[in-house]
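The residues making up each chain are set out below.
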Amino acid sequence: MRVKQNQNSAASVSKQVLRNSVPAIAAMIMVLIYNLADTFFIGQTNDDLQVAAVSVATPVFLIFMALGTLFGMGGTSVISRALGEGRGDYAKKVSSFCMWACVAVGIVFTILFWILMDRMLLWIGASADTMEYARRYLEIVSLCGPFVLIGNCFSNVIRAEGRSAVAMMGMLIGNLVNVALDPIMILWLNWEIAGAAIATVIGNIAAALYYLIYFWRGKSTLSIRPRDFTIREKVCSGVLAIGIPASLGSLLMSVSQVVVNGLMAGYGDLAVAAIGVSMKVTMIIAMFALGLGQGVQPLLGYCVGAKDWQRFRAVMRFSLWFALGLGVTLTALSYLFAEPLVGAFLTDPAAMEYGVAFSKILLTTGAAFGVLYVLINALQAMGAALPSLIISICRQGLIYVPALFALHFLFGRDGLVWAQPLADLLSLLLAALLYQITLRKWISGSSSR
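Residues numbered from 1 in each chain as written. Predicted model: local features only at pLDDT ≥ 70, side-chain atom pairs only at ≥ 80, totals over all residues. Heavy atoms only, no water.

(A) View of the overall build of the protein. Across its full length, the protein holds 18 helices and 0 strands. Since a compact globule built from 449 residues should have a radius of gyration of about 22 Å, the 21 Å found for the protein is in line with a globular shape. Overall, the C-alpha framework of the protein stretches about 65 × 45 × 35 Å when taken along its three principal axes. Looking at the protein residue by residue over its 449 residues, the buried ones come to 60%. Counting contacts in the protein only where the partners sit at least 6 residues apart, residues at least 24 apart contribute 84% of the total. Taken as a whole, the protein presents about 17300 Å² of accessible surface, with 68% of it coming from carbon and sulfur. Considering the protein, the positive charge centre built from 30 side chains and the negative charge centre built from 21 side chains are found 21 Å apart. (Helix = DSSP H or I, 4+ residues; strand = E, 2+ residues; numbered from the N terminus. Rg over C-alpha atoms; globule rule 2.2 N^0.38 Å. Buried < 20%, exposed > 50% of the residue type's maximum accessible area, 1.4 Å probe, protein only. Contact = heavy atoms within 4.5 Å. Areas by Shrake-Rupley, 256 points an atom, 1.4 Å probe, with all protein chains shown as cover. Lys, Arg positive; Asp, Glu negative; His and termini not counted. Charge placed at Lys NZ, Arg CZ, Asp CG, Glu CD.)

Here you go:
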């Protein structure tokens, strides 16, 4: 692995960033398609209440994905730095810890979801009209909890050893299975929202099995063997120190979406359906940005471990400009085609009107998504647990949730939507400041040794 990374360090920065980020972006595109598929095919039933139910249920399912991100992003950060330092055996211990932690935590949360299902449906704002649909969906998808964690974890961890194509392939297989099964189960078999849930379960199992087979065949320099599992030697604490801030953003996103759905429910189920769809429109840009950030993180982490700050700055410079250009392009396209994009999911004229208006508001800061995610992943690559935690808490929590209530009070329904662009802008400024402070500390610390 060390030889391979040294060969990578000789490549031009642009080629190296693209080689790592393009597969990661492709994987995120598949996640995007997977996220859109359920809503799209349920929308073909011409029942916007089922679309609303999926929007209501999504924050709960995101908890599983956030837990996978916890071990995936935390593991990637620790492993990439360990490989940069030439500590291959330690990297194996970290990857094995991530594997078995995903299994244990996934089982625990699956049980909790089933026990607390009815209470959760009330907490997340399900109405009398959407309650049964949302329950049907969540009861089924919660069964694949451990597989969701494994898939989301190792789609990140495997990139730490330079196998971006393998990481992408697992996501690709899982999402293609889901997308292929959606029309069959939702429309052809007429299982509607239950069919969407079953397709999701099978897709996540397929992705997890691909990663497990990859390890079982001995293709990886990392390990998932129980004998390599340990929580000592700062394995557990190192993963959690970065993983918790990384996943906290996703967890707070679930919480904030519950708050949005609850406040938006005052304007009717169609408004809830519309805000859910408009978030999926902006997800097009966010997934590209997230893939880019996750793709460059192992490169940055390796530079940190090797203390190659010249290379680190070069990778960051190219990544930030690439992220900005990509963000501007995708935002312009999404804005121009907002109406057909929303129309692919909603049929009611009132819901359509809401969805287009909401999408255009949320797209106002779309161009900044890529820059924000590159900065966040740079902090994670440096092992900067506290700055990562601060940004995660602020973007979807300390900034966003108060903004929701304040702007809703001042401007009503549209104020709820404007809260996200405001939170994104303030979070970007905060991330840029913390990145500069953290980088200076690392460089000064390295030069003093």
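(B) Representation of a nonpolar patch on the surface in the model. Residues Ile184, Trp188, Leu189 and Trp191 make up a contiguous nonpolar surface patch of about 450 Å² in total accessible area. Along the chain, Trp191 turns up in the loop between α8 (164-188) and α9 (192-216). (Patch = residues over 30% accessible without salt bridge, like charges linked within 9 Å, V, L, I, M, F, W, Y side chains within 5 Å. Salt bridge = Lys/Arg side-chain N within 4 Å of Asp/Glu carboxyl O.)

(C) Local environment of the packing of aromatic side chains. Scanning the model with the defined rule gives 13 aromatic pairs in all. Judged by centre distance (6.1 Å) and plane angle (70°), the rings of Phe71 and Phe97 are edge-to-face. Of this pair, Phe71 sits in helix α3 (residues 48-84) while Phe97 is found in helix α4 (residues 88-115), placing the two residues 26 residues apart along the sequence. Each member of the pair Phe71 and Phe97 is classed as buried. Ring centres 5.4 Å apart and planes at 70° place the aromatic pair Tyr214 and Phe215 in the edge-to-face group. The pair Tyr214 / Phe215 is uniform in exposure class, with both members buried. Here the guanidinium or amino end of Arg87 rests over the ring plane of Tyr90, the centre of that ring lying 4.3 Å away. (Phe/Tyr/Trp six-rings, centres within 6.5 Å; stacked < 30°, edge-to-face > 60°. Lys NZ or Arg CZ within 6 Å of the ring centre and 35° of its normal.)

(D) Molecular detail of unusual backbone geometry. With a phi angle near 50°, Glu192 is a residue other than glycine that sits in the positive phi range. Turning to its location among the elements, Glu192 is positioned in helix α9. Although it is not a glycine, Lys307 adopts a positive phi angle of roughly 55°. The topology assignment puts Lys307 in the loop between α11 (269-306) and α12 (309-336).

(E) How the structure looks around α3. For α3, spanning 37 residues, the distance from its first C-alpha to its last is 51 Å, which sits close to the expected 54 Å at 1.5 Å a residue. Helix geometry: α3 is bent most strongly at Thr58, by close to 35°, with proline Pro59 lying one to four residues after it. A large share of α3 lies buried, amounting to 35 of its 37 residues. Of the residues flanking the end of α3, it is Gly86, one or two places downstream, whose phi is positive at about 80°. (Expected span 1.5 Å × (residues − 1). Bend = angle between axes of the 7 residues up to and from the residue.)

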